[in-house]
Structure formats: structure tokens, C-alpha cells
Amino acid sequence: DLLIKDGGFNLKGFAVGNGVSNQEFLGDSIMYFAYYHGLIGTEEWNGIVQACCGGDANNCHIIAASKQSSLCFQKADKVNQIIDGGAFDAYNMYGPCKGGISSSFRAHYALKDAAFGFSTPHTRAKRQVGESSTCNNDTAIITYTNLPQVRKALHIPDVVQNWVNCADYRPGWYKKIHDVDMTPFYHSLLNSGIRGLLYNG
């Protein structure tokens, strides 16, 4: 509201990248992602829609329903296991699995639980075991990001450790302090004529 009402701001637009704008919406999007990309079939999808939304796919809030229905939770957890299984490259899921990384611990599972509010015995076990998809090879980005000239361009002091894609995670490192739905703020900005870009992926 301050950005809109205060004439001192010359705000032309805003961008949000991989933001946790609405936890349940992001959690639901994982389910739709799995279906529309062929990770689950029509039978599985229809089972989720029936168990979680009474058969209405156009008004289906799976994550909210999974907190109320054990059957919905079970159906959604199966999709979660497929996503967590990582038998594909999340950035090129129709391409070949490159392989080549060890089962080093990834923060992905813990962060996804925090973002989507969908923690299950399966995902908690994954965090403890520390499994990671063998299809994601981060060697190129890690090598590039840690080049001396890149670190210098980014003003990273020598005392700062090397960058890694996902740091080792320890329970308690991350604590959610805000549970705010940001979508009304986006709508307010957009309705005032300010352009916006939201990207998740």
C-alpha cells in the first residue's frame, strides 16, 4: 500500500522469483505439475481429485484438504513420493538422466516441506537419510560460481566459504516466522497499473 499511495516512489514494476507467495497454492501446484507433466496418470489424478475435492478439479485445494482428510493425505503423499524420488532432472525432465552426483545431503526436502506445508513420514525420512536425485549434476554451476573472477565480480570476500547448490541441512536451521498470503499484495500492485513478474521453477 505504501508503494502505491506514496507518490515519492517511481515504481515501474516488480519481480518475485521462487517466492513463497502462498504456501497452499504452491503445494497444490506440485500436484498439478505432476499430473500435467505425466509423472502420474489419469487414474491417480482422478483419485486425488475425488478424495480431496469431491471430483471437482476446477476448484481443488489439495493441500488444504489433505489436512482434513486422511485419504486425501495418502493420495497426495504418493505424488510427493514420486516428486521426491527424483528419477528425472527437474530442470530438463524430458531429457536423459545425467547422473554423476553422490547422495550428498540436500536442503531441498526440508525447504519444500517448509514452503508447501506438506510434511510426511516419507519426506521426513528422506531428510534424515539425505538422499538426492542422481539426475541433477551441479558440477558446472558450482565450478563457475566459485571461479575467483566470478567471486570477485560478486564482491564475495575470500573469508566466505565456497558456494554450493544446497548446503547441508540440520533440523532447526530454518524456522518459518511469517505465514502471510502475498497474493492480495500482488493484486493490489497489479490493479494500480504496476506491472509484475512472478516466476516459480
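Being a predicted model, the structure only gives us computed values, none of them experimental.

Novice: Sorry, what's going on with a nonpolar patch on the surface here?
Specialist: There is a patch of nonpolar side chains on the surface, built from Ile-141, Tyr-144 and Trp-163 and spanning about 310 Å² of accessible area. Of note, Ile-141 is situated in helix α8 (residues 139-145).

Novice: Looking at this structure, I do not really get the state of the cysteines. What am I missing?
Specialist: One covalent bond between the sulfur atoms of two cysteine residues makes up a disulfide. Inspection of the entire model under this criterion finds two disulfides. At a sulfur-sulfur separation of 2.0 Å, the disulfide partner of Cys-52 is Cys-72. Around the S-S axis, the bridge from Cys-52 to Cys-72 shows a dihedral of about 105° and counts as right-handed. With Cys-52 in helix α3 (residues 42-53) and Cys-72 in helix α5 (residues 70-85), this residue pair connects regions lying 20 residues apart in the sequence.

Novice: Help me out: how do you make sense of the pattern of salt bridges in this one?
Specialist: Opposite charge on two side chains makes pairing possible when the charged atoms of those side chains draw close. A full pass over the atoms with the stated rule returns one salt bridge. Of the charged contacts, one joins Lys-67 and Glu-24 as a salt bridge, the two residues approaching to 3.4 Å between their closest N and O atoms. Of the two residues, Lys-67 sits in the loop between α4 (62-66) and α5 while Glu-24 sits in helix α2 (residues 23-36), which places them 43 residues apart along the sequence. Look at Lys-67 and you get exposed, because its relative accessible area is 51%. Residue class for Glu-24 comes out partly exposed when judged on its relative accessible area of 31%.

Novice: Would you mind going over the nonpolar core with me for this structure?
Specialist: One recurring pattern in soluble globular proteins is that nonpolar side chains are buried together. Ranked by size, the top nonpolar core spans 18 residues in total, and within it Met-31, Ile-40, Trp-45, Ile-48, Cys-52, Ile-62 and Val-79 carry the most contacts. Elements with a contribution of two residues or more to this core: α2, α3, α4 and α5. Ranked by residues supplied to this core, first place goes to α3 with five residues. Discounting residues that sit within four places of it in the chain, Ile-62 has contacts with Asp-28, Met-31, Tyr-32, Trp-45, Ile-48, Cys-52, Cys-53, Cys-72 and Ala-76.

Novice: Just to check I follow, could you spell out unusual backbone geometry for this structure?
Specialist: Glycine aside, residues mostly have negative phi angles, and peptide bonds mostly take the trans form. We note that His-155 has phi near 60°; this positive angle belongs to a residue other than glycine. Within the secondary structure, His-155 is located in the loop between α9 (148-153) and α10 (183-191). Overall, His-155 belongs to the exposed group, its relative accessible area being 69%.

Novice: Hey, could you run me through the packing of aromatic side chains in this one?
Specialist: What describes a pair of aromatic rings is the distance from one ring centre to the other and the angle between the planes of the rings. Scanning the entire structure with this criterion turns up five aromatic pairs. Among the aromatic residues, ring-to-ring pairing joins Tyr-32, Tyr-35, Tyr-36 and Trp-45 into one connected group.

Novice: What exactly am I supposed to notice about the confidence of the model for the protein here?
Specialist: Parts of the prediction with low pLDDT should not have their coordinates interpreted in detail. Of the residues in the protein, 67% have a pLDDT of 70 or more, and the chain-wide mean is 76. Scored below 50 in pLDDT, residues 100-132 makes 78 contacts in the model with residues more than four places away or belonging to other chains.

Novice: Any chance you could explain the side chain of Asn-22 here in plain terms?
Specialist: Relative to the elements of secondary structure, Asn-22 occurs in the loop between β1 (13-17) and α2. Asn-22 gets classed as buried once you look at its relative accessible area, which sits at 18%. Looking at Asn-22, its side chain comes within polar contact range of the main-chain nitrogen of Phe-25, at 2.8 Å.

Novice: Which parts of the structure should I look at to understand α2?
Specialist: Since the α-helix advances by 3.6 residues per turn, residues separated by three or four positions end up pointing in the same direction. Counted at 1.5 Å a residue, the expected span for α2 with its 14 residues is 20 Å, and the 20 Å between its end C-alpha atoms agrees. Turning to α2, its buried residues number three or more, namely Gln-23, Leu-26, Gly-27, Asp-28, Ile-30, Met-31, Tyr-32 and Ala-34. By the N-cap criterion, in which a side-chain oxygen at the helix start approaches the backbone nitrogen of a residue two or three places on, α2 is capped by Asn-22, the distance to Glu-24 being 3.2 Å.

Novice: How do you make sense of the environment of Val-79 when you look at a structure like this?
Specialist: Following the sequence through the fold, Val-79 ends up in helix α5. Overall, Val-79 belongs to the buried group, its relative accessible area being 2%. For the pair Val-79 and Leu-39, spaced 40 residues apart in the sequence, the C-alpha separation amounts to 8.3 Å. Filtering out sequence-adjacent residues up to four positions away, Val-79 remains in contact with Met-31, Ala-34, Ile-40 and Ile-48.

Procedures and definitions
Residues numbered from 1 in each chain as written. Predicted model: local features only at pLDDT ≥ 70, side-chain atom pairs only at ≥ 80, totals over all residues. Heavy atoms only, no water. Patch = residues over 30% accessible without salt bridge, like charges linked within 9 Å, V, L, I, M, F, W, Y side chains within 5 Å. Areas by Shrake-Rupley, 256 points an atom, 1.4 Å probe, with all protein chains shown as cover. Salt bridge = Lys/Arg side-chain N within 4 Å of Asp/Glu carboxyl O. Helix = DSSP H or I, 4+ residues; strand = E, 2+ residues; numbered from the N terminus. Disulfide = S-S within 2.5 Å. Buried < 20%, exposed > 50% of the residue type's maximum accessible area, 1.4 Å probe, protein only. Core = buried A, V, L, I, M, F, W, Y, C linked by side-chain atoms within 4.5 Å. Contact = heavy atoms within 4.5 Å. Phe/Tyr/Trp six-rings, centres within 6.5 Å; stacked < 30°, edge-to-face > 60°. pLDDT = per-residue confidence, 0-100. Polar contact = N/O pair within 3.5 Å; in protein donor to acceptor, adjacent residues only side chain to side chain. Expected span 1.5 Å × (residues − 1).

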